[in-house]
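# Summary of the model geometry
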Amino acid sequence: MERELVSLSDIKELAEVGRPTVTNWRRRHSVHASASAGGGRTAFPEPVSGTDAKPLFDAEEVARWLDRRPASNEPGGPGHRTYGDRFRHGLRLRGLVALKYEVGSGESLITSALALAAGQEADGDGVAVDLPDAPLADGVGVDSRVRKVMKELIAVEGPARAADRVLKLADQLDSDLSMTATPEPVARLTESLVGSVAGLRVIDLSADTGNMLLALPGLHRARAITAVEADPLRRTLLRYRLLAHGVAQGQVNEELEESGSPVADVVVADPPYAPVERERDAVGPLHWAEHAVRLLATEGRAYVLVPTWTLTRPRGQNHGPTVEARDRLLSRGHIETIVQLPRRVHPFLTGAEFALLVLRPVREPESVLLVDADRIAQRPGVEWIDEVTVAVDGGAGPAPEAWRRVPVRPARPGAERLLDGRSVLPAHRLAEPEPGTDHVRRVLDARRSAVAALPRLRDWLGEMDVSEREIRGRHRKLAEHLRAGQLRLLSGHRIKDADIADTGLVVIGREEMLGELPVGRRRIALESLARYPKAVTTEAGDVLLLTEHGVRSRVDETGGCVLLAPVQGLRIAALRAHRRREAKGEPVDRADLWMRPQTLAQLLQAPRNQRRSSGSLVRRVSVRDMDLPQVSGAEVAEAEAILNETERLRAEVRRQLEALDELSARLAAGLADGVVSVRRHVT
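First, a word on what this report is: a plain description of the structure on this page. (Residues numbered from 1 in each chain as written. Predicted model: local features only at pLDDT ≥ 70, side-chain atom pairs only at ≥ 80, totals over all residues. Heavy atoms only, no water.)

### Topic: unusual backbone geometry
Counted only if it meets this: Only runs of H or I of at least four residues qualify as helices and only runs of E of at least two qualify as strands under DSSP, and these elements are numbered from the N terminus. In this scheme, a residue with accessible area under 20% of its type's maximum is buried, one over 50% is exposed, and one in between is partly exposed, where area comes from a 1.4 Å probe on protein chains only.
For the peptide bond that leads from A565 to P566, omega is 10 degrees, which places it in the cis range. Mapped onto the fold, P566 is located in the loop between β22 (561-563) and β23 (568-572). Not every positive phi belongs to a glycine, and D208 is a case in point at roughly 55 degrees. By the element assignment, D208 lies in the loop between β6 (201-204) and α11 (211-214). You can call D208 buried: its relative accessible area is 9%. The backbone phi angle of R344 is positive, close to 60 degrees, even though this residue is not glycine. Here R344 shows up in the loop between β11 (335-340) and β12 (354-359). Assessed through its relative accessible area of 61%, R344 is described here as exposed.

What follows is the structure in structure tokens.
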């Protein structure tokens, strides 16, 4: 039998690990490493084909080697005790995908596979499968290879997980089934909010293939289940999926037959609406919410997914049907909770945003719980579904920036209310004063900072003598200074993003030179820097350069930095010895140093050097083509003193401007939150 070959990328995907893990396995368990370690370590299989760049391995050899490696917290379920189990499971699914062209189509393959998982096929090859209401021909024969793969999957996973995994292959099978399915996070949130439905009557108004319905705990013990789905293929697949999950009492219908009286304890719905689709239709997304509450029993609850635009449209801007339906739901007390879901929660409708409405039967309007799950999900280390569940269940006090109750009608004149024709989206309503902020104190502090002036600036500028040079100075290219050893060019280095951290030596690249990142945020550890033997660190007084689209320079006052290409550096060779003599207290002539850091930095970014750029795609200035004027050491020393003082004064002015900005921001924040009063003293 011809053996199956897999690449390193295949091993990564099939074993459900990262590429570094596979590389680590191969390196640490190579033939040489295993021989050095003695007889207790089995070598990773050697390639049997391919090239050095893309080696190919025998799949069965890899599976046997992975059998020796236990998998903890495996996503594949309790049947996957080792990475070998995962790997073989992935191979089976890949084999199923490979059959799509031989079976006929992705839909027919999925239908046959789910029928097998549901136990709707008799023994023996070629026996027809009953496909009620399927858009396919009745009596589609199940290919023996599909039966073999599904038999193995069901044996390891069980029929429910096998059916679910096949549905997740819809994209690879060129089917659009997954594009309209309820996203997994939404299904998990609904599961957490609803709780067990054992003994209850459940209706799904827009079931699709059943992601939201089958997520409900205790569904197989529900008193009655009705699922509504208009598409014949999805209706068939849902029937098989319910059977695979052990739910035999479920009814899947094309339309809901209403008896006129409340019939459900739990109603769920995920209508298939794209952004602003049918916005001005009389029957829009909120029509499903109104339909759901009509079906509820006295203590029932409905959970309906809606696009957020239905909650943001203001009254009186030609959004009549949507706003009217929203106002009816609010005024009749139907809306209990609005959960704004995190952005990009839908894998296919990535530009759309959604909210989950928790609805109840008609009653006197009460306050509505607004939950901004998008803000909760942005907190590091927080499981947003758990946080939302705690908030909805009332297990935690209000967090004004993330969840809070807002009344539908005001308790007193001027109080906040939802029924005012404005957006009711949680992100738009949960704007609160900054917690723990004393606005008056902050404004007074900002004012004191802004009072600082520069009384010496005018006198200092008056002392500066500026005159025209009698004899025009000559210039020399930096290339000449580099050849003479007066300057040393420091090249930037290409460092992998994975080696950039937040501790170690400071890294300076394009972003730091452009001011997009503060200097010091990006760093590299010494052990990581050791992997770049040609990298050098800067010294105090080195001039850093970015020569793309002009020239930007700065003086490194502290040293010890690592340069990221395309940033370069220039070192004044005589500067170190000059500073050493100064530090020892030896007599030093100010004129004996031909160039100084601040002067060099300013001369390099002068207009005459800025205009030397060339290049068709990225305009760059060659460092060697820049030039410097030939001036005396005494003039350079005088210029350095003036430029250093100028830089110090600029820093003070910047601090004063920042203080004025802070004063403006704090004053505006205090006024906006209604806790600060301000006026000028008029004399």
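### Regarding the nonpolar core
Stated formally: Only buried residues count toward a nonpolar core. Its members are Ala, Val, Leu, Ile, Met, Phe, Trp, Tyr and Cys residues joined through side-chain atoms within 4.5 Å.
One finds L189 and L341 to be the most contacted residues of the largest nonpolar core, which totals 41 residues. One finds L295, L330, I338 and V408 within the second-largest nonpolar core, a separate group that totals 32 residues.

### Some remarks on the sheet that holds strand β20 (residues 543-546)
This is how it is decided: When DSSP finds two or more bridges between a pair of strands, those strands are recorded as paired. To get an axis, fit a line to the C-alpha atoms, keeping to the stretch in contact for a helix; angles then go from 0 to 180 degrees between the N-to-C directions.
As summarised here, the arrangement of the four strands in space is β16-β23-β20-β21, forming an open sheet in which the pairing is antiparallel. Edge positions in the sheet fall to β16 (487-490) and β21 (552-555), since each of these pairs with one other strand and no more. For this sheet, the mean angle separating the axes of adjacent strands, direction not counted, is 25 degrees. Pairing analysis gives four bridges linking β20 to β21, with the strands arranged antiparallel. For V543, the partnering residue across the bridge sits in β21 and is V555.

### Structural notes on the sheet that holds strand β17 (residues 500-501)
Strand order in the open sheet formed by four strands is β17-β19-β18-β22, with mixed pairing between adjacent strands. Here the strands that pair on one side only, and so sit at the sheet edges, are β17 and β22.

### Looking at the side chain of T599
Rules: Throughout, a residue-residue contact means that at least one pair of heavy atoms, one from each residue, lies within 4.5 Å.
Structurally, T599 can be placed in helix α25 (residues 597-604). The residues touching T599, leaving out its near neighbours within four places in the chain, are V636, A639, E640 and L643.

### Quick word on the packing of aromatic side chains
Short version of the rule: Planes of paired rings set the category: under 30 degrees apart is stacked, over 60 is edge-to-face and the rest tilted, where pairs are Phe, Tyr or Trp rings (Trp by its six-membered ring) whose centres lie within 6.5 Å.
Per the counting criterion, the structure on display carries four aromatic pairs. Ring geometry for W25 and W65: centres 5.8 Å apart, planes at 65 degrees, overall edge-to-face. Of the two residues, W25 is situated in helix α2 (residues 19-28) and W65 in helix α4 (residues 59-66); the sequence distance between them amounts to 40 residues. Residues W25 and W65 agree in their burial class; the two are buried. Considering the side-chain rings of F44 and F57, the 5.7 Å spacing of their centres and the 80 degrees angle between planes classify their relative orientation as edge-to-face.

That is the geometry; function is a separate question.
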